[in-house]
Amino acid sequence: MSDLRTRFAPSPTGYLHIGGARTALYNWAFTRRAGGRVVLRIEDTDRARSTAESEAAVVGGLAWLGIDWDEGPFRQSERGALYAAAIEQLLARDRAYRCICTPEEIEARRQAVVATGAKWTYDGRCADAAYGPDCGPHAVRLRVPKEGRLAFDDAVFGPSGQDAREIGDMVIRRSDGSPLYHLAVVVDDVDMRISHVIRGADHLNNTPFQLALYRALDAEPPRFAHVPLIVGTDGRKLSKRRDPVAVQHFLDAGYLPEAMRNWLVRIGWSHGDQEIFSSDEIAAFFDLAEVHRASAQADPAKLDWLNQHYIKERPRDRLVHELVPFLAAAGTPVEPSASLGQLVDLLRERSKTLVEMASRARFFAVDDASLAYEADAVRKHWKANALPALKDLAAELERAPAWDLASIEAAFQTALARHDGLALGKLAQPVRIAVTGSAASPGIFETVLVLGRDRTVARIARALATLSSS
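Bear in mind the structure is a predicted one, so any value in this text is a computation, not a measurement.

Enquirer: Requested: an account of the pattern of salt bridges, with residues and values cited.
Expert: Applying the stated rule across the entire model yields 38 salt bridges. Here arginine 318 ties to glutamate 258 by a salt bridge, and the two come within 3.1 Å at their closest N and O atoms. Of this pair, arginine 318 sits in helix H11 (residues 316–329) while glutamate 258 is found in helix H8 (residues 257–266), placing the two residues 60 residues apart along the sequence. Overall, the relative accessible area of 42% leaves arginine 318 in the partly exposed class. The exposure class of glutamate 258 is buried, given its relative accessible area of 15%. The residue glutamate 322 makes a salt bridge to arginine 318 at a minimum N-O spacing of 3.6 Å. Here the residue glutamate 322 and the residue arginine 318 both occupy positions in helix H11, the gap between them amounting to 4 residues, near one helical turn. The network of salt bridges with common partners includes Arg7, Arg41, Glu43, Arg79, Asp188, Asp189 and Asp191.

As structure tokens, this is what we get:
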């Protein structure tokens, strides 16, 4: 077993964002390839916004995507004593100090410095005051070196870092006693023996200060890898107001987890020209060296293409059981059956999502008496000259010796033979309207086959009575 350890550390303040899901997937794939261990850590120190429902949504989204972990979930809200001990250790070693400056005082001094055109960092007013724990309301600041560079070699972006003097002595504990994000993250990563931190590029600028914390705690920092942010097809950063960014959205929209996982891993990573990756292949091939530095584009058309590929490859019985909840959600509950399985095979070639497949399969699931007819289809294809042939067809289907494609086609041909000059297409479209309510369906013989003899004949009779009178 490798000593390699990674972590995925979401904040449970909402849904699982596709950017976070991709980061989790990268951590998972990188770790599985190396035979290491993945830690799940819930960063819920923001108690005002963190909820159990959001945590459940995040964990459920990871499970749906097939991203598992080896340890956790651990919650930062349950680890306060560890952070407090680390801060006391830093104070005792004079690597941190108490600061009594109020936010108003700091803001006034900051504005005065910025007005001169200079960059503000904390001016160290309390650095040598040696305030004790009884000094009144105070924050705690880390003593950051004033010389040198806090540098690191990022596994994606290469040599990175910042001059220490540009950072200043930043707060690690607020005046209310709560630890800052940076302190909690570093203490957790040290305690959990995290060897590699793989996270979004929006954390790249946080890393130099965190390096100062590792040094102050006499801890070896992990190897960092910052992955590019995801942008839309227009090149803009994804926005929850403008773009679908929640994993739950894609689940509800009828995407398969395999397709979603395949799509996510390819946003910003490539392995030659390969496009289709199984879960095992992702774990076998993923390499941080092949992660791109540029912002990665999320192309919905590529996801549709991948999803249709996996729908086509899905075993029939499994696809039927996955489709049934979407039919129920559309108001047409139906039980799995052999006929539904046959319909799934007809629809899989033309359906990009399970929602789309459920829409196309609605005619099968809806009660015969509740079938609605599309007005445009009726106006275009429900012609008087075809109705006698449609009536004859119903009789031929009812007396067909067997219910198979050959018998159904024979019934159509017999009905057409009685009506000179009527082409198959001129009969097929009224039949489609009668049995599906629309002018679009798989092949008419196959559609009638899966619907069944009794339902087909009954629907034709209803359409003749309903549409002809109107």
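Now, onward.
Enquirer: Go over the layout of surface pockets with me, naming the residues and quoting the values.
Expert: Roughly 1,200 Å³ of volume is contained in the largest pocket. In terms of lining, the largest pocket is formed by 36 residues, of which the most central are Ser11, His17, Gly20, Asp202 and His203. Looking at the lining of the largest pocket, the elements that each hand over two or more residues are strand S1 (5–8), helix H1 (18–34) and strand S9 (196–200). Here the lining of the largest pocket takes 5 residues from H1, the largest share from any one element. Among the residues making up the lining of the largest pocket, the classes are represented as 14 nonpolar, 13 polar and 9 charged. Within this model, the second largest pocket holds a volume of roughly 270 Å³. Taken together, 15 residues make up the lining of the second largest pocket; nearest its centre are Ser359, Phe363, Glu374, Thr436 and Ser438. Secondary-structure elements contributing two or more residues to the lining of the second largest pocket are helix H13 (354–360) and helix H14 (362–365). Among the residues making up the lining of the second largest pocket, the classes are represented as 6 nonpolar, 5 polar and 4 charged.

Calculation criteria
- Residues numbered from 1 in each chain as written.
- Predicted model: local features only at pLDDT ≥ 70, side-chain atom pairs only at ≥ 80, totals over all residues.
- Heavy atoms only, no water.
- Salt bridge = Lys/Arg side-chain N within 4 Å of Asp/Glu carboxyl O.
- Helix = DSSP H or I, 4+ residues; strand = E, 2+ residues; numbered from the N terminus.
- Buried < 20%, exposed > 50% of the residue type's maximum accessible area, 1.4 Å probe, protein only.
- 1 Å grid on protein atoms, 1.4 Å probe; cavity = no way out; pocket = protein on both sides within 12 Å on 5 of 7 lines; lining within 4 Å.
- Points joined across faces, edges and corners; volume = space filled by probe spheres on them.
- Nonpolar A, V, L, I, M, F, W, Y, C, P; charged D, E, K, R; others polar.

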